Amino acid sequence: MTSSSGALPPVPEFALHPNPHPVPPDARAAALEAPRFGAVVTDHMARMTWTSEDGWLDRRVEPYAPLALEPAALVLHYGQEIFEGLKAYRHPDGSVWGFRPEANAARFAASARRMALPELPVEDFLASVRALVTVDQAWVPPADDASLYLRPVMFASEPNLLVRAARRVEYVVIASPAGAYFAGGAAPVSIWVAQDLHRASPGGTGAVKTMGNYGASLASQAEAYRHGCEQVCFLDAVSGRNLEELGGMNLVAVRADGTVLTPALDGAILPGITRDAVLRLLAADGHEVVERALPLEEVLAGLASGEVTELFACGTGAGVSPIGRLVGHGFDARVADGGVGPVTARVRAQLMDIQHGRAPDERGWMVRWV
Ligand SMILES: *Cc1c(COP(=O)(O)O)cnc(C)c1O
């Protein structure tokens, strides 16, 4: 519950250094009114520091503020960095919950191994997000479909120009109230298919959340905007023929017979937690779920013949987003009924109802934070 006294609640594992100048309540309320994704941050951040001599140290929650970083910090030169994205949801009774945060903690550890960063123990990951949500609980928007987006990030802060793993690393969690990711809310989005540039390759880093993947996607994302599309979908780097995923979301196709198709996790695709949840919900609803390569040609032919009836993207940021158009050099394929298909709408509602506490959580996905 929101504390009305102004005193911040205790967070046992973390030393609390309260922000002496928090955003005033009325300004905060205005920021929570219709939050745009990623535009505003809360009053605090959770932090830990790692050194090769002493391991993880100095668990603390402190005022959100710019970081002091040496220009020689390794991350600025060689990109040794990983991040996560998860949300805190306010339920109708005012309590605040996380969705499968242990899956984010496990993926963060997998990302750390791939990027030669120190693994953050799962308990520290979970305690850090819970500490920040507890301290900044007044920033979790009231019920409905908004949430507080949490962004843990770990990066090489050691000043050194050698190309090797850092001996000093910072871990920071920040939070940002989130409404709809896309300006159009749940309206179907248009997807540009990048045919020249790739985001990931076998043996590369496509399966982990590390900054380079996203930097590498931005030219294609800019190309998508130029063609009037909200997002870009990448093709596999080996054959150049198979749809893989969007810059930050997984891709799912629905066939007329109810079968659900999605690219298999082949090492170049990010294993989305939303993807996993959606596939389980669809399977429980009686859909056959097939994970395999998804050729662009097959999807375009299926859209033309009516064999493919729905396409959607999914990820924590935007949830389940219907796709209305697939556009690229030489094609502009429309999804039936403008993209507002029943399978997408149903699984989107099912997932949101669980996350926002409007439906029973039969799988034990939700964790109470406040
Ligand atoms: C984060 C991300 C996803 C979605 O993962 P979720 O766990 O569902 O949020 C999909 N693709 C990419 C490239 C991502 O970075």
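Calculation criteria
- Counting starts from 1 at the beginning of each chain's written sequence and moves along it residue by residue.
- Totals for whole chains, interfaces and linings use all residues, but because this is a predicted model, local features are given only for residues with pLDDT of at least 70 and pairs of side-chain atoms are given and counted only at 80 or more.
- Computation of side-chain values covers all heavy atoms of the structure but excludes hydrogens and water.
- UniProt positions are given in the numbering used here, feature names are shortened, and annotations may be inferred rather than shown by experiment.
- Throughout this document, a residue counts as near a molecule or strand when at least one of its heavy atoms sits within 4 Å of that molecule or strand.
- Throughout this description, a polar contact denotes any pair of N or O atoms lying within 3.5 Å of each other; where both atoms belong to protein, one of them has to be capable of donating a hydrogen while the other can accept it, and for residues adjacent in sequence the pair is counted only when both atoms sit in side chains.
- Method for areas: the Shrake-Rupley scheme with a 1.4 Å probe, in which residue coverage is limited to the protein chains shown.
- Only Asp, Glu, Lys and Arg are considered charged in this grouping, and only Ala, Val, Leu, Ile, Met, Phe, Trp, Tyr, Cys and Pro are considered nonpolar; every other residue, Gly among them, is considered polar.
- The rule is short: rings of Phe, Tyr and Trp, with Trp giving its six-membered ring, pair when the centres are within 6.5 Å, and they are stacked under 30 degrees, edge-to-face over 60, tilted in between.
- A run of H or I in DSSP becomes a helix once it reaches four residues, and a run of E becomes a strand once it reaches two; helices and strands are each numbered from the N terminus.
- For every residue, the accessible area obtained with a 1.4 Å probe (protein chains only) is divided by the maximum for its type, and the residue is called buried under 20%, exposed over 50%, and partly exposed between those limits.
- The definition of a nonpolar core used throughout is a set of buried Ala, Val, Leu, Ile, Met, Phe, Trp, Tyr and Cys residues joined through side-chain atoms within 4.5 Å.
- Contacts between residues were defined by any pair of non-hydrogen atoms, one from each residue, lying within 4.5 Å.
- By definition, a salt bridge exists where a carboxyl oxygen of Asp or Glu is found within 4 Å of a side-chain nitrogen of Lys or Arg.
- Here the limits of each domain have been adopted from an automatic or database domain assignment.
- By definition, the buried area sums, over both parts, the 1.4 Å-probe accessible area that each loses when the two are put together.

- Identification of the protein chain as branched-chain-amino-acid transaminase from Actinotalea lenta is taken from an unreviewed UniProt entry.
- Quoted verbatim from the Sequence similarities (unreviewed entry) field of UniProt, the annotation for the protein chain is "Belongs to the class-IV pyridoxal-phosphate-dependent aminotransferase family."
- For the protein chain, the Cofactor (unreviewed entry) comment in UniProt is given as "pyridoxal 5'-phosphate".

**Remarks on the site of the ligand**
- The environment of the ligand is formed by 15 residues, the closest being Lys209, Tyr214, Glu245, Thr274 and Thr316.
- In the model, a nitrogen atom of the ligand is placed 2.5 Å from a nitrogen or oxygen of the glutamate 245 side chain.
- Notes on the ligand: free accessible area 380 Å², of which the protein chains cover 97%.
- Its residues assigned to classes, the shell around the ligand shows four nonpolar, seven polar and four charged.

**Brief notes about the packing of aromatic side chains**
- The final tally for this structure, using the stated rule, is six aromatic pairs.
- Where tryptophan 56 meets tyrosine 171, the ring centres are 6.4 Å apart and the plane angle is 75°; that geometry is what we call edge-to-face. Here tryptophan 56, found in strand 3 (residues 55-63), pairs with tyrosine 171, found in strand 8 (residues 168-178); they are 115 residues apart in sequence, far enough to count as distant. Assigned by exposure class, tryptophan 56 and tyrosine 171 land together as buried.
- Residues phenylalanine 108 and tyrosine 171 carry aromatic rings whose centres are separated by 5.7 Å and whose planes lie at 55° to one another, so their mutual orientation is tilted.

**Digging into the nonpolar core**
- Core analysis: the largest hydrophobic core is formed by 48 residues, its most contacted members being Leu150, Met154 and Tyr171.
- In terms of residues, this core owes the most to one element, helix 4 (residues 122-135), which gives seven residues.
- Those residues within four positions of leucine 150 in sequence are excluded, and the remaining contacts are Glu84, Gly85, Leu86, Lys87, Ala88, Val129, Leu132, Val133, Ile174, Ala175 and Trp369.
- One finds Ile191, Leu235, Phe331 and Val335 within the second-largest nonpolar core, a separate group that totals 25 residues.

**Focus on the pattern of salt bridges**
- Summed over the entire model, instances satisfying the criterion amount to 22 salt bridges.
- Of the charged contacts in the structure, one is a salt bridge between arginine 107 and glutamate 84, with a shortest N-O distance of 2.8 Å. Of this pair, arginine 107 sits in helix 3 (residues 101-114) while glutamate 84 sits in the loop between strand 4 (81-83) and strand 5 (86-90), and the two are 23 residues apart along the sequence.
- By relative accessible area, which is 9% here, arginine 107 ends up buried.
- You can call glutamate 84 buried: its relative accessible area is 0%.
- In this structure, aspartate 332 and arginine 334 form a salt bridge, with 3.5 Å as the shortest nitrogen-oxygen distance.
- On the basis of relative accessibility, which here comes to 54%, the residue arginine 334 falls in the exposed class.
- Through salt bridges that share partners, Arg47, Asp58, Arg60, Glu62, Arg168 and Glu170 make up one connected network.

**Thoughts on the domain arrangement of the protein chain**
- Structurally, the protein chain comprises domain 1 (15-183) and domain 2 (189-339).
- The C-alpha-based centres of domain 1 and domain 2 are spaced at 27 Å.
- If you look at the interface, domain 1 gives 22 residues, while domain 2 gives 23 residues.
- Where domain 1 abuts domain 2, roughly 1,800 Å² becomes buried across the two surfaces, and 65% of that area is made up of carbon and sulfur atoms.
- Viewed at the interface, domain 2 and domain 1 are joined by one salt bridge.
- If you look at where domain 1 meets domain 2, you find ten residue pairs in polar contact (both at pLDDT 80 or more).
- Within the residue set of the side of domain 1 that touches domain 2, elements represented by two or more residues are strand 4, strand 5 and helix 3.
- The leading source of residues in the side of domain 1 that touches domain 2 is helix 3, at six residues.

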